[in-house]
Amino acid sequence: MNVLRRLDRLIAPTARRSAAISTSFWPHRRMTQSITSSPGSPSTNSTVNADEVRGVAQILRQQKGNLGQPTSVSHPHLIQPHELVPGVELAEFEKRRSQLMQNIRAYARSFGGEFNGHSSPCHMLVLGAASKKYMSGKIPYVFRQNSDFYYLTGCLEPDAVLLLTIDDAQNVQSVLFMRPKDPHAELWDGPRTGSELAVPLFGVTEAHPLSQLKAVLASRAGALKPHIWFDQKSSDLPSLVEDMLRLSSDQQRPLLPAYTFLEAMRLLKSRAEMQLMRRTCDIAARSFNEVMADSRPGQSEHHLFAAIDYKCRMRNASYLAYPPVVAAGQNATVIHYVANSQVLGPQDLVLMDAGCEYGGYTSDITRTWPASGHFTEPQRTLYDMLHQLQGEIIGTVMKPGGETLDQLFETTCYKLGKYLQEIGLVGKSVSGYKELASQGYRFCPHHVSHYLGMDVHDTPHVPRNTRIVPGMVFTVEPGIYIGQDCGDVPPEFRGIGIRIEDDLLVNEHGHVEVLTEACVKDPRALEELCQQQQRNHGASSADVL
């Protein structure tokens, strides 16, 4: 049985899945499942008391905020005093860790006295951070943390390891293994938090240097005899994989994949995550507007690439979320065109697919506009049709034909085929739902929705036939691509590629929010946006002369 659906039944047999899984994530609600602590066990209460807050604040002041990552002391313009990282408080990370282990335990118990050939009620999960990667020699790429590791810890340092355990009394413990303090290494690469400060900063039960990982794993596994959860294929740390394979062999326990449980949690955004998604989408939307307004024939696609990157960063985005598509003219008929090196012609449409990352959360927008500020008639015909179609698909979300991402795709293909028939690009002889949907797919050969969050294609193992519920964020991105070799299409339509993409959130009240609504897409408004700036540019040039 699909783990998502099985978890649903376990957590709340009589409740809808949306309420069941998300209850523990709305910050104003308490966790519904109590966690008892055995005598002498560290507390697993996710509430941060006043003494702990004062203790962390004192440490940050003493260190002047110079730990292994930004803090509210070192970066008050990005992180509030009550936050561990931008937009997220320490207590939320603690809740996530506890909820993950409770979900795993509940899933295993649903199989009865034995799970996977063993009767142990205890579980151990191990997750590694990302490692530093190099483009050549000692020249590193910009470091980006493993999304699952960041989701559970808020830690931004490379090579760290998280160990989570839950025992037969449901005590959840979290242990971080960190790179040790090293003055020489820190001289070159910057401060490290070290294991000494990891407990108060990240709210874990214990912290140790990485050198103790092997011994602690063996000790905990020997004491608990747990089921061991570790995603070997996605691990970035070869030494950790070796340690886990050795542990699996020594304990005679298989390594079980945990990604399904993590993705089930990440699929549904907390209120804090919703706010971060609103912020990253707004940054990208307003940056798009400025780039579209500043564009004109004669510029290079590369210039627009640089412009969207610059404008997002100037609004405090960390960087672009992925290599953008900036495609002029017939380049837009190549769905993943990323060369971004051609010059914009006076009759070209420009298709730009870009997004940014803010606070660990990503946006994903596509807009198509005329470089000259004026659509040609064939361009206008196709753009008006696609703009209307996208609006209708957004209006279908959570209604018949739009209750899952797959349904949104099927509805899009059918409607696109029908509208193409109305403007003469599909023959009148084509009839029936499947035939029209097939014609729609011919001109839009990609899915029109994917989940969005910490990654651009977020939670990739969650089926797209999962019912849309509050907390989900996803894209709606119909497109039409007519290559020069489409001989059965009138010549004036060949070489045109158009896509319109927005990011949607179903909030905690069940309302659909278009997070990228600020990004202009109405065809008349697009023309006005581009023409105004081009008029200003022309006037400035005349003044110089």
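Only a predicted model underlies this, so the values are computations on that prediction, with no experimental measurement involved.

A. Examining the overall build of the protein chain more closely. When helices and strands are tallied, the protein chain shows 16 helices and 21 strands. Within the protein chain, the proportion of its 545 residues that are buried is 54%. Of the contacts formed within the protein chain by residues at least 6 apart in sequence, a portion of 70% connects residues at least 24 apart. In the structure as shown, the protein chain presents an accessible area of about 23600 Å², 52% of it carried by carbon and sulfur atoms.

B. A look at the packing of aromatic side chains. Considering all chains together, one arrives at 10 aromatic pairs under this definition. Relative to Tyr 433, the ring of Tyr 414 has its centre 4.6 Å away and its plane inclined at 15°; by these criteria the two rings are stacked. Of this pair, Tyr 414 sits in helix α14 (residues 405-422) while Tyr 433 sits in helix α15 (residues 433-443); the two residues are 19 residues apart in sequence, bridging distant segments of the chain. A relative accessible area of 23% means that Tyr 414 is categorised as partly exposed. Residue class for Tyr 433 comes out partly exposed when judged on its relative accessible area of 45%. Members of the aromatic cluster, joined through ring pairs, are Tyr 107, Phe 111, Phe 115, Trp 229 and Phe 261. One residue, Arg 96, lies across the ring of Phe 93, its end atom 5.0 Å from the ring centre. Its guanidinium or amino end placed over the ring of Tyr 151, Arg 96 lies 4.1 Å from that ring's centre, counting from NZ or CZ.

C. Region of the structure containing the packing of helix α8 (residues 213-224) against helix α9 (residues 238-251). Two elements in contact, α8 and α9, have axes separated by 11 Å at closest approach and are oriented at 30°. With respect to α9, the element α8 is oriented roughly parallel. Note on packing geometry: the crossing formed by α8 with α9 is right-handed. Residue-level contacts link Leu 213, Lys 214, Leu 217, Ala 218, Ala 221 and Gly 222 of α8 to Leu 240, Asp 243, Met 244, Arg 246, Leu 247 and Gln 251 of α9. Looking at the contact of α8 with α9, its residues break down into seven nonpolar, two polar and three charged.

D. Structural detail: unusual backbone geometry. Here Gln 252, not a glycine, exhibits a phi torsion of approximately 55°, which is positive. Of note, Gln 252 is situated in the loop between α9 and β10 (255-256). At Thr 459, a position not held by glycine, the phi torsion is positive, near 40°. Topologically, Thr 459 is positioned in the loop between α15 and β17 (473-476).

E. Structural context of the pattern of salt bridges. In total, this model carries 30 salt bridges according to the counting rule given. A salt bridge links Asp 458 to Lys 269; its shortest N-O distance comes to 3.7 Å. Here Asp 458, found in the loop between α15 and β17, pairs with Lys 269, found in the loop between α10 (259-266) and α11 (271-294); they are 189 residues apart in sequence, far enough to count as distant. Comparing Asp 458 with Lys 269, the two get one shared label, buried. Linked by salt bridges that have partners in common, Arg 144, Asp 148, Arg 266, Lys 269, Glu 357, Asp 455 and Asp 458 make up one network.

F. Just the pairing of strand β13 (residues 349-354), in detail. For β13, the tally of buried residues reaches six of six residues, placing the bulk of the element in the interior. In this sheet, β13 lies alongside strand β12 (residues 325-328) in antiparallel orientation, the contact comprising four bridges. Looking at β13, one finds that Val 325 is bridged to Asp 353. Pairing of β13 with strand β16 (residues 365-370) involves six bridges; the strand directions are antiparallel. Among the inter-strand pairings, Ala 354 is bridged to a residue of β16, identified as Ile 365.

G. The arrangement of the sheet that holds β17 in detail. Pairing within the open sheet is antiparallel, and its three strands lie in the order β17-β20-β21. Single-partner strands in this sheet number two, and they are β17 and β21 (512-514). Within this sheet the neighbouring strands show an average axis-to-axis angle of 30°, counted without direction. Here β17 runs beside strand β20 (residues 502-506); their pairing, made up of four bridges, is antiparallel. Along β20, the bridge assignment pairs Val 476 with Asp 502. Its contacts with the sheet place α11 against β17, β20 and β21, and it is angled at close to 160° to β20.

Reading guide: rules and limits
Think of each chain on its own: its residues are numbered from 1, step by step along the sequence as written. Whole-chain, interface and lining totals are the exception, using all residues; otherwise, since this is a predicted model, local features are given only for residues with pLDDT of at least 70 and side-chain atom pairs are given and counted only at 80 or more. The side-chain values count all of the structure's non-hydrogen atoms but skip hydrogen atoms and water molecules. To qualify as a helix, a DSSP run of H or I must reach at least 4 residues; to qualify as a strand, a run of E must reach at least 2; elements of each kind are numbered from the N terminus. Burial here depends on accessible area, computed with a 1.4 Å probe over protein chains only, as a share of the maximum for the residue type. Under 20% is buried, over 50% is exposed, and the range in between is partly exposed. The contact rule is simple, with two residues in contact once any of their heavy atoms fall within 4.5 Å. Note that accessible areas follow from Shrake-Rupley with a 1.4 Å probe, and for residues the cover is restricted to the protein chains shown. Each Phe, Tyr or Trp ring (for Trp, its six-membered ring) is paired with any other whose centre lies within 6.5 Å, and the angle between the two planes then decides the class: stacked below 30 degrees, edge-to-face above 60, tilted in between. Placement of a charge over a ring requires the Lys NZ or Arg CZ to be within 6 Å of the ring centre, with the centre-to-atom vector within 35 degrees of the ring normal. Between N-to-C directions, angles cover 0 to 180 degrees, with each direction set by a line fitted to C-alpha atoms, over the stretch in contact for helices. Oblique is the label for any angle not under 35 degrees, not over 145, and not in the 65 to 115 range, which are roughly parallel, roughly antiparallel and roughly perpendicular in turn. Note: crossing handedness is left-handed where the near helix turns anticlockwise from the far helix by less than a right angle, and right-handed where it turns clockwise. Under this grouping Gly is polar, as are all residues other than the nonpolar Ala, Val, Leu, Ile, Met, Phe, Trp, Tyr, Cys and Pro and the charged Asp, Glu, Lys and Arg. Salt-bridge detection follows one rule: a side-chain nitrogen of Lys or Arg within 4 Å of a carboxyl oxygen of Asp or Glu. Two strands pair if DSSP finds at least two bridges between them.

Honestly, it's all geometry; don't read function into it.
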